[in-house]
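What follows is the residue order along each chain.
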Amino acid sequence: MDVQLKILRYNPEKDTEPYFQDFTVKGVSNDWRLLDVLQEIKWQQDGTLTFRYSCAHGICGSDGMKVNGKNRLACSLLLKDINTKKTIVVEPLPSLPIIKDLVVDMTSFFSKYEVVKPYLINATPPPQNGERLQSNEDAEKLFESAKCILCACCTTSCPSTWTNENYLGPAAMLKAYRFVYDTRDDAANERLDILDTPDGIWRCHTIFNCIEACPKEINLTWHFSQLKKRISSREM
Amino acid sequence: MIKTFDVVIVGAGGAGLRAAVEIPKEYSCAVISKVFPPRSHTGTAQGGVCAALGNMEEDSWENHAFDTVKGSDYLGDQDSIDVMCQDAIRAIIELEHMGMPFSRNEKGQIAQRKFGGHTKPADKNDPYTKRVPVMRSCYSADRTGHVMLQTLFENSIKNQVTFFSEYFATDLIVEDGVCKGVVAMDIATSEITVFQAKAVLFATGGYGRVFRITSNAHAGTGDGMALVYRAGLPLEDMEFFQFHPTGLWKLGILVSEAARGEGGILKNKDGERFMERYAPTVKDLAPRDMVSRAIITEIREGRGVKGSDGTDYVYLDLTHLGKEVIDEKLPEITGFARTYLGVEPTTDPIPIQPTAHYAMGGIPTNVDCEVLKNEKGDIVKGLYAAGECACVSVHGGNRLGTNSLLDLVVFGRRGGKAIADFLKDAKFHEISESAADRTRNVIESIMENKGTEKISNLRTELQNNMMELCGIFRNEQDLRRMIEILRDLRERAKNVFLQDKGRVFNTELIGALELHNLLDTAEATVFSAYARQESRGAHTREDFTSRNDAEWMKHSFAFMKDGGVPELKYKPVTITRYQPMERKY
Ligand SMILES: Cc1cc2nc3c(=O)[nH]c(=O)nc-3n(C[C@H](O)[C@H](O)[C@H](O)COP(=O)(O)OP(=O)(O)OC[C@H]3O[C@@H](n4cnc5c(N)ncnc54)[C@H](O)[C@@H]3O)c2cc1C
Ligand code: SF4
Ligand code: SF4
Ligand code: FES
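Residues numbered from 1 in each chain as written. Chains lettered and ligands numbered in written order. Predicted model: local features only at pLDDT ≥ 70, side-chain atom pairs only at ≥ 80, totals over all residues. Heavy atoms only, no water.

Quick notes on the domain arrangement of chain A
All names here are of chain A.
1) Next: For chain A, the domain assignment lists domain 1 (3–104) and domain 2 (107–232).
2) Next: Facing 13 residues of domain 1, the contacting portion of domain 2 comprises 14 residues.
3) Next: Note on domain 1 versus domain 2: buried area summed over both sides is about 990 Å², and carbon and sulfur give 60% of it.
4) Next: Run the count over domain 1 and domain 2 and you get one salt bridge.
5) Next: Glutamate 212 is the partner of lysine 70 in a salt bridge, and the nearest nitrogen-oxygen pair spans 3.9 Å.
6) Next: Counting across the domain 1 and domain 2 interface gives four residue pairs in polar contact (both at pLDDT 80 or more).
7) Next: Per-element tally for the side of domain 1 that touches domain 2: the top contributor is strand E4 (residues 70–73), with four residues.
8) Next: For the side of domain 1 that touches domain 2, the residue count by class is six nonpolar, five polar and two charged. (Domains from an automatic or database assignment. Contact = heavy atoms within 4.5 Å. Buried area = accessible area lost by both parts, 1.4 Å probe. Salt bridge = Lys/Arg side-chain N within 4 Å of Asp/Glu carboxyl O. Polar contact = N/O pair within 3.5 Å; in protein donor to acceptor, adjacent residues only side chain to side chain. Helix = DSSP H or I, 4+ residues; strand = E, 2+ residues; numbered from the N terminus. Nonpolar A, V, L, I, M, F, W, Y, C, P; charged D, E, K, R; others polar.)

Quick word on the domain arrangement of chain B
Residue and element names in this part refer to chain B.
1) Next: On domain assignment, one finds that chain B holds domain 1 (246–356) and domain 2 (434–546).
2) Next: Measuring from the centre of the C-alpha atoms in domain 1 to the corresponding centre in domain 2 gives 30 Å.
3) Next: Taken together, the seven residues of domain 1 in the interface contact seven residues of domain 2.
4) Next: With both sides pooled, the region where domain 1 packs onto domain 2 buries about 560 Å², and carbon together with sulfur makes up 65% of that total.
5) Next: For the pair domain 1 and domain 2, the interface holds one salt bridge.
6) Next: Glutamate 542 is the partner of arginine 300 in a salt bridge, and the nearest nitrogen-oxygen pair spans 2.9 Å.

Brief notes about the site of ligand 1
All names here are of chain B.
1) Next: As a structural note, the neighbourhood of ligand 1 is formed by 38 residues, with Ser40, His41, Thr42, Glu388 and Leu405 the closest of them.
2) Next: With respect to ligand 1, the backbone of histidine 41 contributes an N or O atom lying 3.5 Å from an oxygen atom.
3) Next: In this structure, aspartate 223 approaches ligand 1 through a side-chain N or O atom, which is 2.8 Å from a nitrogen atom.
4) Next: Elements supplying a minimum of two residues to the shell around ligand 1: helix H1 (14–22), strand E2 (29–33), strand E7 (167–175), strand E15 (350–359) and helix H11 (403–423).
5) Next: If you tally residues by element for the shell around ligand 1, the top one is H11, at four residues. (Near = heavy atom within 4 Å.)

So, the sheet that holds strand E10 (residues 235–236) of chain B
All names here are of chain B.
1) Next: Taken in spatial order, the three strands of this open sheet run E10-E22-E23, and their pairing is antiparallel. Edge positions in the sheet fall to E10 and strand E23 (567–572), since each has one partner strand and no second.
2) Next: Here six bridges tie strand E22 (residues 554–559) to E23, and the two strands are oriented antiparallel to one another. Along E23, the bridge assignment pairs phenylalanine 559 with glutamate 567.
3) Next: Strands E10, E22 and E23 of the sheet are contacted by helix H15 (residues 507–531), whose axis makes an angle of about 65° with E23. (Pairing = 2+ DSSP bridges. Axes fitted to C-alpha atoms, helices over the stretch in contact; angles between N-to-C directions.)

Focus: the site of ligand 3
1) Next: Around ligand 3, the surrounding shell holds 13 residues, and the nearest of these are Cys148, Ile149, Cys151, Cys154 and Cys214 of chain A.
2) Next: Among the residues forming the shell around ligand 3, the class breakdown is 12 nonpolar, no polar and one charged.

Section: helix H2 (residues 61–71) of chain B
Residues and elements named next belong to chain B.
1) Next: H2 sits mainly inside the fold: 10 of its 11 residues count as buried.
2) Next: Turning to H2, its buried residues number three or more, namely Trp61, Asn63, His64, Ala65, Phe66, Asp67, Thr68, Val69, Lys70 and Gly71.
3) Next: Each element contacted by the buried residues of H2 is listed here: strand E3 (49–50), helix H3 (78–98), strand E4 (112–121), strand E5 (131–138) and H11.
4) Next: Positive phi appears at aspartate 73, one or two residues downstream of H2, with a value of about 55°. (Buried < 20%, exposed > 50% of the residue type's maximum accessible area, 1.4 Å probe, protein only.)

Quick word on the interface of chain B and chain A
1) Next: Taken together, the contact between chain B and chain A spans 57 residues of the former and 64 residues of the latter.
2) Next: Taking both sides of the interface into account, the surface hidden between chain B and chain A amounts to around 5000 Å²; carbon and sulfur atoms contribute 53%.
3) Next: Contact with chain A buries area across many residues of chain B, yet Arg39, His218 and Tyr340 of chain B alone supply 14% of it, more than any other trio.
4) Next: Viewed at the interface, chain A and chain B are joined by six salt bridges.
5) Next: Arginine 184 of chain A is the partner of glutamate 96 of chain B in a salt bridge, and the nearest nitrogen-oxygen pair spans 2.9 Å.
6) Next: Inspection of the region where chain B meets chain A yields 39 residue pairs in polar contact (both at pLDDT 80 or more).

Brief notes about a negative patch on the surface
1) Next: On the surface, Glu137 and Glu140 of chain A together with Glu324 and Glu328 of chain B cluster together into a negatively charged patch.
2) Next: Elements that contribute at least two residues to the negative patch include exactly helix H3 (136–146) of chain A together with helix H9 (322–329) of chain B.
3) Next: Topologically, glutamate 140 of chain A is positioned in helix H3. (Patch = residues over 30% accessible without salt bridge, like charges linked within 9 Å, V, L, I, M, F, W, Y side chains within 5 Å. Areas by Shrake-Rupley, 256 points an atom, 1.4 Å probe, with all protein chains shown as cover. Lys, Arg positive; Asp, Glu negative; His and termini not counted. Charge placed at Lys NZ, Arg CZ, Asp CG, Glu CD.)

Regarding the side chain of threonine 68 of chain B
All names here are of chain B.
1) Next: Tracing the chain through its elements places threonine 68 in helix H2.
2) Next: Its relative accessible area of 3% is what places threonine 68 among the buried residues.
3) Next: Excluding residues within four positions of it along the chain, threonine 68 makes contact with Ile81, Met84, Cys85, Val394, Leu400 and Asn403.

Focus on the environment of leucine 423 of chain B
Residues and elements named next belong to chain B.
1) Next: Relative to the assigned elements, leucine 423 resides in helix H11.
2) Next: Residue classification places leucine 423 among the buried positions, given a relative accessible area of 4%.
3) Next: Between the C-alpha atom of leucine 423 and that of phenylalanine 102, which follows or precedes it by 321 residues, the distance is 35 Å.

Focus on unusual backbone geometry
Residue and element names in this part refer to chain B.
1) Next: Of note, the bond from valine 392 into serine 393 is cis; its omega dihedral lies within 30 degrees of zero at 5°.
2) Next: With respect to the element layout, serine 393 can be found in the loop between strand E19 (390–391) and H11.
3) Next: Within the chain, glutamate 166 stands out as a residue other than glycine whose phi angle is a positive 60°.
4) Next: Looking at the secondary structure, you find glutamate 166 in the loop between strand E6 (162–165) and E7.
5) Next: For glutamate 166, a relative accessible area of 10% gives the class buried.

Regarding the packing of aromatic side chains
1) Next: Under the counting rule described, the total for this entry stands at 25 aromatic pairs over all chains.
2) Next: Relative to tyrosine 53 of chain A, the ring of phenylalanine 51 of chain A has its centre 5.4 Å away and its plane inclined at 35°; by these criteria the two rings are tilted.
3) Next: Taking the centre distance of 5.2 Å and the plane angle of 70° together, the rings of phenylalanine 164 of chain B and tyrosine 167 of chain B count as edge-to-face.
4) Next: Taking relative accessible area as the criterion, tyrosine 167 of chain B reaches 11% and is therefore assigned buried.
5) Next: A cation sits over an aromatic face here: arginine 113 of chain B above tyrosine 139 of chain B, 3.9 Å from the ring centre.
6) Next: One Lys or Arg, lysine 569 of chain B, reaches over the ring of phenylalanine 559 of chain B and ends 5.4 Å from the middle of that ring. (Phe/Tyr/Trp six-rings, centres within 6.5 Å; stacked < 30°, edge-to-face > 60°. Lys NZ or Arg CZ within 6 Å of the ring centre and 35° of its normal.)

The following block contains the structure:
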């Protein structure tokens, strides 16, 4: 079958404004990933089309983009899950500066990640000859948040991010959860202080866009409700 | 532009980041990576990382070392293997201390499970006759590599490592046996920077993209290996490339051995558990080279299933494990089967076929990660390598599952330590802007070429032919043909045409540079395979079917020469405790 696409193009060396370009790809089948379609365009039709990718199976977080209005990983979206009778509209992740075509500048995304101290903090030296013990139950409490591949699909889909560029955003807050709830960490309070600020967790109005967008199906808002409860109980 | 750092690390996967964390604060250290660090390929590793912690049952590092030697088909250097297996226990505990989230056993220790080729003696007094599978692979569900990479990235942020993300290394500056730095291009602007350094460490990963069906990311194009090779330095044991038995049919996406570790079974089209015929004791948990050959043999003898794309597959059956085990222990990989093949693993078997997975060969180093400039073991001052791009050699002819993630953290750290030592009285070497001339010329000639060849077509031809002619089974005739094809592709690669003439984020240009790197690594692979007239580990010659210890207990060293035919030299294997014996499972 054939598919029609409209892809947002922008080359700062030539264009003053982004614009849409139409493409047709022939001979595709339902089990193609959208990434395969984009590669087919790049490799056979238009070598200037620019997008990031690497693992091609939803693990490296490179190819987040907006497809028919929703943030998706191009490598995890199969044609059979898109209405291919209509033109597929592909745009870069919203709210981040465009470098070229579908490639956005991730600087602000990674700097917000760094704000929440995304690493284990524990002043007590670990045992000499073994691990810091942790029950499997406690370990598994971290697994869902640890699944995050930093693709930015959530943060760039969040209305609070669109209206306030300083808002930490869901990905960074999820990382905070990952350590706040780690029994081996003792800097929970430091991180909760960071979340409990005007640009922190209270800007989250539980609009659920982030969950919709997350390719790893992480229940972000559940994690935020835990963090909110923890902050509130701390204040009492 | 010239930038100066005490140390430059090229690559931000497990090996590069572990090395970076080890560099003392008083030295300046830059990490260059063509993708953002957490996008590195280490993140795709699923099954586990190996260490004889003995958390589930009795085990010892000596057991681990024996398995690694035997798994390597006796090509691994036994002194290096001892270093790795002994240090494994400390290395994994250290990851835990760094914050890596592991699955746990009832005592709250790191959980472990079975994996291919990991065994212990059934009877302690008789270590070598009968061995049974042992739980040695430490894991975090089936996202072990992902959480390891995240943890190391987190620790690099804690240590304030300086990253140059989306910088593409194009050249290595080695003069008179001394390393002076590297040249890299900022992908966002195409600006070329000379990185002057006292020490350089390569941790650029593998080159699975030289084959059509592979588990490797698109970034796995052997760049580091090619840079070293072009600098006149050797590549070691490149004929040994591991095909993992269970890639998703058509796509090559990996279904971790953990699936068989948890009890998954391979079946042919008749529903027969065929591994019972090939490896009667360990069956589906035999090492990868054996299982991959078994699958291809089943297919060749007509017991495979014909897929809609014309290729054949066999089945990996997990249905008897039950939904609970599958959801808890193997969520990610069963998700891949659902997403990409539309197969429900709890009720239906998964179509699989072997997939190009891991480079045992690479940049030769000693146990301190110092790069060797020849088969005699002399080193290049200031140049280091670690991880999949390096060959210590701990994996020999065939790597055991879970030993690569281990290799990354053990040798990444050793590389970092060796560099810290070296820096105590190392100095900068003079370097000028002209060090970037070679890179500038290459890029200019690609950009201005008015040829007719498409990069992607050349790449596809290379990948298809490597798969057919230099894959799991090889013979003289096929390899000869591959050599000719390679010569032709090299000529045509001089004639590529780029549509993108811009300087901003020119990924078409990156594709062209990567194609050259693939061709160079393919050259070393094919010629080393052609010369090695025996079958050992992952290198299987249909015309020389047995292992030949009398002539071939040696490592190949391929040196690039003008005219496209590398020079091959050999280095003896280091044998300490384990004499070669027949490899039966
Ligand atoms: C699907 C899959 C599953 C696996 N599962 C396991 C497992 O369960 N257990 C196990 O032990 N092993 C496993 N392996 C093997 C293991 O994951 C890899 O061998 C290992 O992660 C390689 O790590 P590395 O640090 O050497 O390189 P990588 O993680 O591949 O990183 C390479 C780095 O080099 C950079 N780079 C490359 N070229 C350039 C350039 N030209 N310029 C700048 N930077 C460059 C990249 O940006 C990247 O940061 C698996 C492999 C695959 C493919
Ligand atoms: S739930 Fe919160 S974080 Fe998620 S999209 Fe809505 S406001 Fe943003
Ligand atoms: S939480 Fe989900 S959407 Fe957000 S960055 Fe992580 S993986 Fe991507
Ligand atoms: S290419 Fe890695 S997540 Fe899509």
